[in-house]
Each structure stands twice: as C-alpha cells, then as structure tokens.
Amino acid sequence: MKKLIFATSNAGKMKEVRSILADTGYEILSMKEAGIQVEVEEDGATFEENALIKARAVHEISHTLVLADDSGLEIDHLGKEPGVHSSRYMGEDTSYEIKNARILERLDGVPKEQRTARFVCAIAAVFEDGRCVTVREAMEGYIGYEPQGENGFGYDPIFYLDLDGPSNAQISMEEKNRVSHRGKALRAMKKGLV
Ligand code: IMP
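Residues numbered from 1 in each chain as written. Predicted model: local features only at pLDDT ≥ 70, side-chain atom pairs only at ≥ 80, totals over all residues. Heavy atoms only, no water.

Undergrad: Could you give an account of the overall build of the chain, naming the residues involved and the relevant values?
TA: Counting its regular elements, the chain contains 5 helices and 7 strands. For 194 residues, the compact-globule estimate of 2.2 N^0.38 gives 16 Å, and the C-alpha radius of gyration of the chain, at 17 Å, lies within 12% of that figure. Judged by the C-alpha coordinates and their principal axes, the chain covers about 55 × 30 × 25 Å. Within the chain, the proportion of its 194 residues that are buried is 48%. Contacts in the chain between residues at least 24 apart in sequence constitute 59% of all its contacts with a sequence separation of at least 6. Only carbon and sulfur atoms are counted for the fraction: they give 48% of the accessible area of the chain, which is about 10000 Å². Each charge sign in the chain was given a centre, from 25 positive and 33 negative side chains, and these centres are 4 Å apart. (Helix = DSSP H or I, 4+ residues; strand = E, 2+ residues; numbered from the N terminus. Rg over C-alpha atoms; globule rule 2.2 N^0.38 Å. Buried < 20%, exposed > 50% of the residue type's maximum accessible area, 1.4 Å probe, protein only. Contact = heavy atoms within 4.5 Å. Areas by Shrake-Rupley, 256 points an atom, 1.4 Å probe, with all protein chains shown as cover. Lys, Arg positive; Asp, Glu negative; His and termini not counted. Charge placed at Lys NZ, Arg CZ, Asp CG, Glu CD.)

Structure, rendered in structure tokens:
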C-alpha cells in the first residue's frame, strides 16, 4: 500500500484526517509513525504558503505523498487579524481565555453585521514526484458578544455560525467536523487523491 504522511503532531487532527481519508487506498501515517521529526518556521504570508512549507519539508525527507494544513481565524472588522498569526496572536503562551477576551474587547460596540469572521484551512499536498497542489476552505460565521462552551479549542468559544445559535465550543466534535474549514478542505483534497 502506498504511504501518505500527514505533517502534524496534533493527535486530534490525525483522528479527523484518518476518518476522512480512510477509503483513499493510502496507508495514512503521522510524522511520528513515519519516524520523521522536522521543525519548520511557518513564516509564509498565506495559509497556503505555510501549508506548503510544512509539506515540502517532510517530503524532502520521505519522498512520499505528504499532506500538511495551516489554519486560522480571520475577523473582518480587524482587517482579517489574527489570520496566519492565529496561534501566535498576543504570544504563543498566552491562554485562549485571554486572547478571546481581548478580541471581544476590540469588537466592543461593533454591530452584528460587522462581526463577520471565518475559520480558514489550507491543505497542501506534495506528491512523490514533487508536484504540489493546495486547496482552501472556510467556515463562515460571526464573533459573538461573549465566550460560551467548553468543547473545541482555540477561538471556538467566541465563534458562532449564527449569533442566535450555539458557539463552536457548544457543539459536538462530529457536528463541527461536518461543517468545519478543516473537514471541508480535507474532503476537497481527497477528490484530488482518488
Ligand atoms: P494550526 O493550523 O493548527 O497551526 O492552527 C492555527 C491556529 O488557528 C490554532 O492554534 C487556533 O488558534 C486557530 N484555529 C484553527 N482552527 C481552529 C478551530 O477549529 N477552532 C478554534 N481555533 C482554531
């Protein structure tokens, strides 16, 4: 069976990747399972560039099909911040409780129609022969007025698909994966693999 390496060390992501790509005919391996360890600086200007930087770095070592993703939150009222800097916003070690509180503060008094935001996910594939493909998908929604919910991670408590509904941290993982930026991007990439 041909191997596909997904360039992440995040166990949650690997679970989602395996469930969506299960029937592609590839043996799906994490970097750890492939015995590969690389540190890359994600200094690209776009989600696609960052995903490609990661996928290329692993492909240089493995010469197999490699997939990598990069994701983040774009808030329209903040000029699409934090964007590619989502995990580094206010510092890598700052808790999401603090990051989310700061975002809500920056949106204080901003009306609903200007609270639009989206989670973006780009996935890059580098094929055995070095050919590259990228896809990008998004989950459109709003930044709410307060954080709610305990599920999910990162900016989920302040992100709402609809301001009258639950936050991303109040829905189950299965529900979120069905409509999430990452789920959609994985399914789009899958079409290019089979
Ligand atoms: P990465 O693609 O794993 O590097 O994710 C970048 C950052 O984007 C994460 O650390 C989170 O801050 C944010 N992010 C990406 N996807 C989500 C999501 O589904 N929920 C909440 N935050 C997310």
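Read on for the rest.
Undergrad: How would you summarise the environment of L163 if you had to cite specific residues and measurements?
TA: Tracing the chain through its elements places L163 in the loop between strand 7 (159-160) and helix 4 (173-179). Looking at L163, the relative accessible area reads 16%, which means it is buried. Once residues within four sequence positions are removed from consideration, L163 is found in contact with K112, Y142, I143, G144 and Y145.

Undergrad: Residues and numbers for the pairing of strand 5 (residues 116-126), please.
TA: Most of strand 5 sits inside the fold, with 10 of its 11 residues counted as buried. Where strand 3 (residues 65-75) lies against strand 5, 10 bridges are found, and the strand directions are antiparallel. Bridge pairing links G72 to V120 in strand 5. Relative to strand 6 (residues 132-143), strand 5 runs antiparallel, the two sharing 11 bridges. Bridge assignment links A125 to a residue of strand 6, and that residue is V133. Linking two consecutive strands that pair antiparallel, namely strand 5 and strand 6, is a turn of 5 residues; a positive phi of about 95 degrees is found at G130 within it. (Pairing = 2+ DSSP bridges.)

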